[in-house]
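Structure assessment
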Amino acid sequence: VHHAMGNTKRAYLTYNHILQSLHPNSPQHEQVLHLLAAVCLRLRRAREALHYSNSILSRPHFTHHICARVNKAVALVLLEKKRAALQVLQHLDAVDNHYFILFNRATLYALQRESAHCQEDCSKGLELDSTSIAFLLLRGYSFAMQNRQREALKDFARVLDLDASFISTLGLSAQFSS
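Computed from a prediction, not measured in an experiment: that's the story for all the values here.

Attention shifts here to the confidence of the model for the chain. Averaged over every residue, the pLDDT of the chain is 82; the share at 70 or more is 85%. Between residues 172-178, whose pLDDT stays under 50, and residues either more than four places distant or in other chains, the model counts 4 contacts.

As structure tokens, then:
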């Protein structure tokens, strides 16, 4: 309840208490480790989140645990290790149908200026949801970084077609009203 209500410090203490009472081989142990890693990320305790995520991933049954890998990647980004974060997300099984993984990986590719990979993951994400403003913006940004203005403008125009209020959200309404 504390986690859901945003009381991350209380959730952290509660999860630690629960973790101490669980047997390390119990199925609940892995679930609490995952929740604890997520709370640590919210508290900006990247090293601790990395520790809990690695604890999950070190178990034979959980070496490809998607949520643990995402937590690990986010922790690595917070620790300024973007290349390592990208490697964590690169070789996930069945990633093509995971919207969340595709977006995080595409974002990391964009940060590393690996535009072709970013655009590929954004395109896969748009196959899953053709109205995803997040993927359109990220892919448009990636095209713009490569000086491919025509493709970038197509993606940005699509965003405006999907949500015209986006102009006012960015404070650009005066520029586009004339």
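The subject of this paragraph is the pattern of salt bridges. Per the stated rule, a full pass over the model turns up 7 salt bridges. In this structure, Glu48 and Arg45 form a salt bridge, with 3.8 Å as the shortest nitrogen-oxygen distance. Linking Lys124 and Glu120 is a salt bridge whose minimum nitrogen-to-oxygen distance equals 3.6 Å. Of this pair, Lys124 and Glu120 are both found in helix α7 (residues 115-128), 4 residues apart, which corresponds to roughly one turn of the helix. Lys124 gets classed as partly exposed once you look at its relative accessible area, which sits at 22%. Overall, Glu120 belongs to the partly exposed group, its relative accessible area being 42%.

What follows is about the packing of helix α1 (residues 8-21) against helix α2 (residues 27-42). Closest axis-to-axis distance for the α1/α2 pair is 9 Å, and the angle between their directions is 155°. Judged on the interaxial angle alone, α2 and α1 are roughly antiparallel. The hand of the α1/α2 crossing is left-handed. Contact residues: α1 offers Thr8, Ala11, Tyr12, Tyr15, Asn16, Ile18 and Leu19, while α2 offers His29, Val32, Leu33, Leu35, Leu36, Val39, Cys40 and Arg42. Considering only residue class, the contact of α1 with α2 consists of 11 nonpolar, 3 polar and 1 charged.

Before going further, it helps to examine the packing of aromatic side chains. In total, this model carries 1 aromatic pair according to the counting rule given. Ring centres 5.5 Å apart and planes at 80° place the aromatic pair Phe103 and Phe135 in the edge-to-face group. Of this pair, Phe103 sits in helix α6 (residues 99-111) while Phe135 sits in helix α8 (residues 133-145), and the two are 32 residues apart along the sequence. According to the relative accessible area criterion, Phe135 is buried, its value standing at 0%. Across from the ring centre of Tyr12, 4.4 Å away, lies the NZ or CZ of Arg45, which sits over that ring.

Right, let's talk about α7 for a bit. Its 14 residues place the ends of α7 20 Å apart at the C-alpha level, agreeing with the 20 Å of an ideal helix rising 1.5 Å per residue. Those residues of α7 that fall on the buried side of the exposure criterion are Ser115, Cys118, Gln119, Asp121, Cys122, Gly125 and Leu126. For α7, the angular spread of buried residues about the axis comes to 165°, placing them on one side. Residues Ala116 and Glu127 are exposed on α7 and point more than 90 degrees away from its buried face.

At a closest axis distance of 11 Å, the pairing of α6 and α8 adopts a crossing angle of 20°. Classified by the angle their axes make, α6 and α8 are roughly parallel. Regarding α6 and α8, the two cross each other, and that crossing is left-handed. Along the contact surface, α6 presents Tyr99, Leu102, Phe103, Ala106, Thr107 and Ala110, while α8 presents Ala134, Phe135, Leu138 and Tyr141. Among the residues forming the contact of α6 with α8, the class breakdown is 9 nonpolar, 1 polar and no charged.

With respect to the helices and strands, the residue Asp121 is situated in helix α7. According to the relative accessible area criterion, Asp121 is buried, its value standing at 2%. Side-chain polar atoms of Asp121 contact the side chain of Arg105, separated by 2.6 Å. Setting aside its immediate chain neighbours within four residues, Asp121 contacts Leu102, Arg105, Ala106, Tyr109 and Phe135.

Cut-offs used in this document
Residue indices follow the written sequence of each chain, beginning from 1 at its first position. For this predicted model, a pLDDT threshold of at least 70 governs which residues receive local features, and a threshold of 80 or more governs which side-chain atom pairs are given and counted, while totals over whole chains, interfaces and linings are taken from all residues. Think of the side-chain values as coming from all heavy atoms in the structure, minus any hydrogens and water. Per residue, pLDDT measures the predictor's confidence, with a range of 0 to 100. Only heavy atoms enter the contact rule, under which two residues are in contact if any of them lie within 4.5 Å. Salt bridge, as used here: a side-chain nitrogen of Lys or Arg that lies within 4 Å of a carboxyl oxygen of Asp or Glu. Secondary structure elements are defined from DSSP: runs of H or I of at least 4 residues count as helices, runs of E of at least 2 residues count as strands, and each element is numbered from the N terminus. Only protein chains enter the calculation, and the probe is 1.4 Å; a residue is then buried if its accessible area is under 20% of its type maximum, exposed if over 50%, and partly exposed in between. Here, axes are lines fitted to C-alpha atoms. For helices the fit covers the stretch in contact, and angles between N-to-C directions go from 0 to 180 degrees. Angle categories: roughly parallel below 35 degrees, roughly antiparallel above 145, roughly perpendicular from 65 to 115, and oblique for all the rest. Each crossing is labelled by how the near helix is turned from the far one, with a counterclockwise turn of less than a right angle marking it left-handed and a clockwise turn marking it right-handed. Polar here means any residue other than Ala, Val, Leu, Ile, Met, Phe, Trp, Tyr, Cys and Pro, which are nonpolar, and Asp, Glu, Lys and Arg, which are charged; Gly is therefore polar. Between the rings of Phe, Tyr and Trp (Trp by its six-membered ring), a pair exists once the centres lie within 6.5 Å; its type follows the angle of the planes, with under 30 degrees stacked, over 60 edge-to-face, and the other angles tilted. Here, over-ring charges are defined by two tests on the NZ atom of lysine or the CZ atom of arginine: distance to the ring centre within 6 Å, and angle to the ring normal within 35 degrees. Given the number of residues in a helix, its expected span is that number minus one, multiplied by 1.5 Å. As used here, the arc is the angular range of directions from the helix axis to the C-beta atoms. The definition of a polar contact used here is a pair of N or O atoms within 3.5 Å, where within protein one atom must be able to donate a hydrogen and the other to accept one, and adjacent residues in sequence count solely through side-chain atom pairs.

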